[in-house]
Amino acid sequence: MAARRSRDVPAGLTPILLPGENLVTAVRAHWAKLAEPAATALLGFVAAVWVDSNVTKSTQALGTIFWWLFFVLFGRLLWCVLDWQHNWFVATDKRLLLRFGLITHKVAMMPLLKVTDMSYVRSIPGQFLGYGKFVLESAGQDQALREVKWVPDPDRTYRDICAEIFHIVPPPGDEDFEDLDDELADDTSGPGSPAPPPSPITPGGTGFPDVHRTHNPIQDRLDSYSRAVPIQRPSERPETVYESDDIKRRRRGADTGPIWPRRGD
């Protein structure tokens with residue numbers, strides 16, 4: 001299943017998202033998770049039909065047992081399907097969440113800042129069917145979100161989450177981020193949040209050109225010591241140079257005023 005992005009929030013996930021929290025990806029478990037319950041129920045049905053068609057009066061009870069066994073396996077399949085529909089792996093710009101549980105809803109959460117290592121494993125069936133398992137580490141502690149199995153499209157999901165963790169700028173023309181850029185053009189902080197202040201560096205006030213718009217809150221904090229204004233250097237080949245206030249002060253010549261000759265010289 002393809003990852004959901006930005007405002008495309010599934011209905012069951014709205015209560016667990018914070019105001020202003022941007023959704024990076026949200027996926028259900030891969031359909032291969034249902035392969036074993038479906039195959040077991042199918043084999044139970046075939047066995048029940050075969051036994052029922054070959055029973056005699058003395059073995060009629062055996063056919064009834066096989067039909068009840070099939071109903072149990074079919075009920076287990078329905079339970080797995082309903083549980084699959086309520087199982088979500090979610091990544092936002094602030095947290096990783098795992099929502100699970102059919103009767104009792106449970107949510108496991110890990111802040112992005114606490115993730116010290118993230119990797120995923122793809123078995124041979126997973127490489128053919130397109131799923132993998134994520135392994136998360138958080139400061140050496142055992143977390144409820146340590147293993148996330150049956151992740152669909154793990155390559156893309158892994159890249160999206162790692163880009164959010166390490167604030168990696170997507171390359172130009174990256175289709176994964178083009179739709180997100182369009183949706184966040186007018187709103188970078190979530191519904192109801194004020195627009196970010198214009199940047200002093202770029203003429204259009206679009207922020208830092210080398211930082212993706214989803215990371216403006218972090219860049220705003222860095223902006224307190226990284227401000228610089230463009231100046232034009234007079235030369236044969238004019239060029240634009242960015243200098244901060246402290247550099248300009250060091251380049252400024254000393255102004256000591258006129259020096260008068262001392263008496264007696």
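Residues numbered from 1 in each chain as written. Predicted model: local features only at pLDDT ≥ 70, side-chain atom pairs only at ≥ 80, totals over all residues. Heavy atoms only, no water.

Taking an unreviewed UniProt entry as the reference, the chain is identified by name as PH domain-containing protein belonging to Terrabacter terrigena.

**Q** Report on the nonpolar core, specifying residues and quantitative values.
**A** Phe89, Leu96, Met118, Phe134, Leu145, Val148 and Ile161 are the most contacted members of the largest nonpolar core, which has 18 residues in total. Looking at this core, the elements that each hand over two or more residues are strand 1 (23–28), strand 2 (88–92), strand 3 (95–100), strand 4 (106–111), strand 6 (131–137), strand 7 (147–152) and helix 4 (154–166). Counting eight residues, the second-largest nonpolar core is a separate cluster that includes Leu13, Leu17, Leu23 and Leu97. (Core = buried A, V, L, I, M, F, W, Y, C linked by side-chain atoms within 4.5 Å. Buried < 20%, exposed > 50% of the residue type's maximum accessible area, 1.4 Å probe, protein only. Helix = DSSP H or I, 4+ residues; strand = E, 2+ residues; numbered from the N terminus.)

**Q** Talk me through unusual backbone geometry; I want residue IDs and the actual numbers.
**A** Within the chain, Asp153 stands out as a residue other than glycine whose phi angle is a positive 45°. Within the secondary structure, Asp153 sits in the loop between strand 7 and helix 4. For Asp153, a relative accessible area of 33% corresponds to the partly exposed category. Of note in this structure, His167 is not a glycine but carries a positive phi near 55°.

**Q** Tell me what's going on with the sheet that holds strand 4, and back it up with residues and numbers.
**A** Pairing is antiparallel in the open sheet, where four strands are placed in the order 1-2-3-4. Strands with a single pairing partner mark the edges of an open sheet, and in this sheet they are strand 1 and strand 4. Across this sheet, the average inter-strand angle for adjacent strands is 15°, counted without regard to direction. Sheet topology note: the strand 1/strand 2 ladder contains five bridges and is antiparallel. Looking across to strand 2, one finds that Leu23 is bridged to Thr92. (Pairing = 2+ DSSP bridges. Axes fitted to C-alpha atoms, helices over the stretch in contact; angles between N-to-C directions.)

**Q** Run through the packing of aromatic side chains, naming residues and quoting values.
**A** Throughout the structure, instances matching the rule amount to twelve aromatic pairs. Ring geometry for Trp67 versus Phe70: centroids 6.0 Å apart, planes at 80°, classification edge-to-face. Highlighted residues: Trp67 and Phe70, both in helix 2 (residues 60–85), separated by three residues, approximately one helical turn. Given the relative accessible area of 25%, Trp67 is considered partly exposed. Taking the centre distance of 5.6 Å and the plane angle of 50° together, the rings of Phe70 and Phe71 count as tilted. Every member of this aromatic cluster is reached through a ring pair, and the members are Phe45, Trp67, Trp68, Phe70, Phe71 and Phe74. (Phe/Tyr/Trp six-rings, centres within 6.5 Å; stacked < 30°, edge-to-face > 60°.)

**Q** Could you give me a rundown of the UniProt feature "transmembrane region" (unreviewed entry) in the chain, with the residues and numbers involved?
**A** Under the local residue numbering, the UniProt record ascribes the feature "transmembrane region" (unreviewed entry) to residues 34–53 and 65–84. Each end of residues 34–53 is marked by a C-alpha atom, and these two atoms are 29 Å apart; helix forms 95% of the span and strand 0%. Segment residues 65–84 splits into 100% helix and 0% strand. End C-alpha atoms: 29 Å apart. (UniProt positions renumbered as here; feature names shortened; annotations may be inferred.)

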